[in-house]
Amino acid sequence: YRLILKDIVKKIPFLRKILKKLYLNNRSADYEKISNKCTTDSKLVVFESYQGRSYSCSPKAIYQYMLSCPKFSGYSYVWVFREINAHGSFPQNTRLVKFDSEESFYAYAQAGTWITNSRLRDFYIPKSDQKYIQCWHGTPFKKIGCDVTAAGNATSTVQEIYDEYTNEAKRISLLVSPSDFTTSKLISAFNLKSSGKENCIIQKGYPRNDALFNTDLKTVENLKNTLNIPQNKIVVLYCPTFRDNQFSGSGYTLEPAVDFDSLKDKCGSDFIILFRAHYFIANSFDFKKYSGYVLNVSEYDDINDLYLISDILITDYSSVFFDYANLKRPMLFYHYDLEEYKNKMRDFYFGTAMLPGPVIQTQEKLENELNKILQDIRKGGSGLLKYEKALNAFNKKFNPLEDGHSAERTVKEIF
C-alpha cells in the first residue's frame, strides 16, 4: 500500500509539492537544531557517494589519497551509507553512519569538509566554517539541471529541477571538473553565475579515473576471479541509463532493450555480458536463464572495477563512456529510443557524430557491430577498428588531464 500511495502522490503535482515541503521543513528543523549545538572540526571529513548507495567514485579516490598522504595523518573520516555493512572494512580513523539518520546529521554538523558526488539532501546547510565539495558523478552527455528544457521527469517539473540545482549551487564551496567542456556545462547546469560562483570550479581531472591508470594486470585478474569470470572470456559491459518518464512508487524502472538470446546466437559464446543498471533503477532483473552468459553487476560497489575487466562497452546516454574512453577500448552506443529521449526527455550537449564508436538503433545493427569488434579481438586486435583516431580526439577534448594523479591535485586545491 505504501508503494501504491507513493505512486499516486508522484502523479499529483500539487500534492507532491505540499508533502515534499512539509518533509523538508521537518528535516530542516531537526538538522538545524543539531547543527547549532555542534562545533566544527576542521580535521573531520564526511564522504557520501551516490546518496549513500556505494563506496566509489571521486569521494572514494579522494578519501584513499588522503589516507595515503602523511599530511592528513591527524584527520578522521565519516562515510555515509544506506547499508553500513555492505562495503567492506575501513581503518580505525573512519566511522560509518547510516544515511539520513541522526548520526549522519551529527557527522555533517561537525565535519569541516563535506565531499560528495551527487546532490545532498536539501536540509544540509553548511556553516561559514564548513566547505562543501561537490565532485559530481561524470561528464554530462544528456542535459542536466538548469539546462533541461524538455518536460522534466517523472518526479520533478522543469521549474523544480531549476530550483533544486540553483539552490544546490548556493551551498557549494568547490565543484570538481575534468575539462573545459565539463566546467562550462557545470556552470550552466548549476546556474553558478546567479550566485556569483562561476569561479568555484576545481579543474584538475576526475579523481575517480585515477584507478584506470594505476591498476596492474594482477589486480584485474583477481577482480575477474572475484566475479567468477573465466580469464579466457571476452567481457562486454552493458550500462543503460534510466529513462526520466519511467517511474513507479519504488523508483525508476527499466527493462533491458537488448535481446540477449539473439545476441548469443549471432555473436558466439566466448564472451560474457556484465549488466550494470543506473543507480536510480529500482526494479530488479532476473537473469537466471542467462546463467554463465549475463551477470547482473548492478549492485557492485565500484564501476571502475567493471571498466578494468571489460574489453567492450555498450551504453546508451549514460556518462560512463567518458570515463571508459580513458582505457582506449571499443564502445557501442545503443540508441534504440534516440528521438524520444532527445525530444521528450533530456536532449544532449552535443550531437552523436562526436561519439567515438558506432551509434546503433536496432538489435540487428548491434549484433553486426559487436561481431566486427569480437572478430578483431579474437585475432589479437584492439577492437577499435576505424574509431581509434576518433577516440584519441575525444580524449583530447573530454579527458585532457587524466593521468592517474587527479585526486592528488584536487586535494591540494581543497585543502
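Read on for a plain summary of the structure. Owing to the predicted nature of the structure, the values given are computational and were not obtained by experimental measurement. (Residues numbered from 1 in each chain as written. Predicted model: local features only at pLDDT ≥ 70, side-chain atom pairs only at ≥ 80, totals over all residues. Heavy atoms only, no water.)

Regarding the sheet that holds strand S11 (residues 271-275)
If you trace the 6 strands from one edge of the open sheet to the other, you get S12-S11-S8-S13-S14-S15, paired in parallel fashion. The sheet is open, and its two edges are formed by strand S12 (294-296) and strand S15 (359-360), each paired on a single side. Where strand S13 (residues 312-315) lies against strand S14 (residues 331-334), 3 bridges are found, and the strand directions are parallel. Bridging from a neighbouring strand, Thr 315 pairs with Phe 333 of S14. (Pairing = 2+ DSSP bridges. Helix = DSSP H or I, 4+ residues; strand = E, 2+ residues; numbered from the N terminus.)

Looking at the sheet that holds strand S7 (residues 201-203)
If you walk across this open sheet you meet the 7 strands as S3-S2-S1-S4-S5-S6-S7, and the pairing is parallel. Unpaired on one side and paired on the other, strand S3 (94-98) and S7 mark the two borders of the sheet. Ignoring which end each strand starts from, the neighbouring axes of this sheet average 25° apart. Pairing geometry for strand S5 (residues 131-134) and strand S6 (residues 174-177), over 2 bridges, is parallel. (Axes fitted to C-alpha atoms, helices over the stretch in contact; angles between N-to-C directions.)

Considering the packing of helix H9 (residues 260-267) against helix H13 (residues 363-378)
Angle between the axes and distance between the axes: these two values describe a pair of packed helices. Here H9 crosses H13 at 45°, and the two axes come no closer than 10 Å. With respect to each other, H9 and H13 are oriented oblique. When the axes of H9 and H13 are compared, the crossing they make is right-handed. Residues Ser 262, Leu 263, Lys 266 and Cys 267 of H9 lie in contact with H13, whose contacting residues are Gln 363, Leu 366, Glu 367, Leu 370, Asn 371, Leu 374 and Arg 378. Residues belonging to the contact of H9 with H13 are distributed by class as follows: 5 nonpolar, 3 polar and 3 charged. (Parallel < 35°, antiparallel > 145°, perpendicular 65-115°, else oblique. Left-handed = near helix turned anticlockwise from the far one by under 90°. Contact = heavy atoms within 4.5 Å. Nonpolar A, V, L, I, M, F, W, Y, C, P; charged D, E, K, R; others polar.)

Comments concerning helix H12 (residues 338-345)
Regarding H12, the residues found buried are Leu 338, Tyr 341 and Met 345. Buried residues of H12, viewed axially, fall in a sector of 105°; they line one side. Residues of H12 that are exposed and point more than 90 degrees away from the buried face comprise Asn 343 and Lys 344. Residue Asp 347 follows H12 closely and has a positive phi angle near 65°. (Buried < 20%, exposed > 50% of the residue type's maximum accessible area, 1.4 Å probe, protein only. Arc of directions from axis to C-beta.)

Looking at a nonpolar patch on the surface
Where nonpolar side chains cluster on the molecular surface, the patch consists of Ile 18, Leu 19 and Leu 22 and spans about 270 Å² of accessible area. In this structure, Ile 18 sits in helix H2 (residues 13-36). Overall, Ile 18 belongs to the partly exposed group, its relative accessible area being 44%. (Patch = residues over 30% accessible without salt bridge, like charges linked within 9 Å, V, L, I, M, F, W, Y side chains within 5 Å. Areas by Shrake-Rupley, 256 points an atom, 1.4 Å probe, with all protein chains shown as cover. Salt bridge = Lys/Arg side-chain N within 4 Å of Asp/Glu carboxyl O.)

Thoughts on the pairing of S6
Judged by which residues are buried, S6 turns out to be covered on both faces: Leu 174 and Val 176 on one side and Leu 175 and Ser 177 on the other are all buried. Sheet analysis places S6 next to S7, joined by 3 bridges and oriented parallel. Looking at the pairing, Val 176 lines up with Ile 202 of S7. With respect to chirality, the unit in which S6 leads through helix H6 (residues 180-189) into the neighbouring parallel S7 is right-handed. (Right-handed = clockwise from strand over helix to strand, strands pointing away.)

Focus: the packing of aromatic side chains
One pass over the structure, following the stated rule, counts 52 aromatic pairs. Taking 5.8 Å as the distance between ring centres and 75° as the angle between the ring planes, the aromatic pair formed by Phe 181 and Phe 350 counts as edge-to-face. One end of the pair, Phe 181, is in helix H6; the other, Phe 350, is in the loop between H12 and S15, and 169 residues separate them in sequence. Exposure remark for Phe 181: the relative accessible area of 10% places this residue in the buried category. For Phe 350, a relative accessible area of 10% corresponds to the buried category. Judged by centre distance (4.1 Å) and plane angle (25°), the rings of Tyr 317 and Tyr 341 are stacked. With a gap of 24 residues between them, Tyr 317 in the loop between S13 and helix H11 (320-324) and Tyr 341 in helix H12 connect regions that are remote in the sequence. Classification of Tyr 317 by relative accessible area gives buried; the value is 0%. We classify Tyr 341 as buried; its relative accessible area is 0%. (Phe/Tyr/Trp six-rings, centres within 6.5 Å; stacked < 30°, edge-to-face > 60°.)

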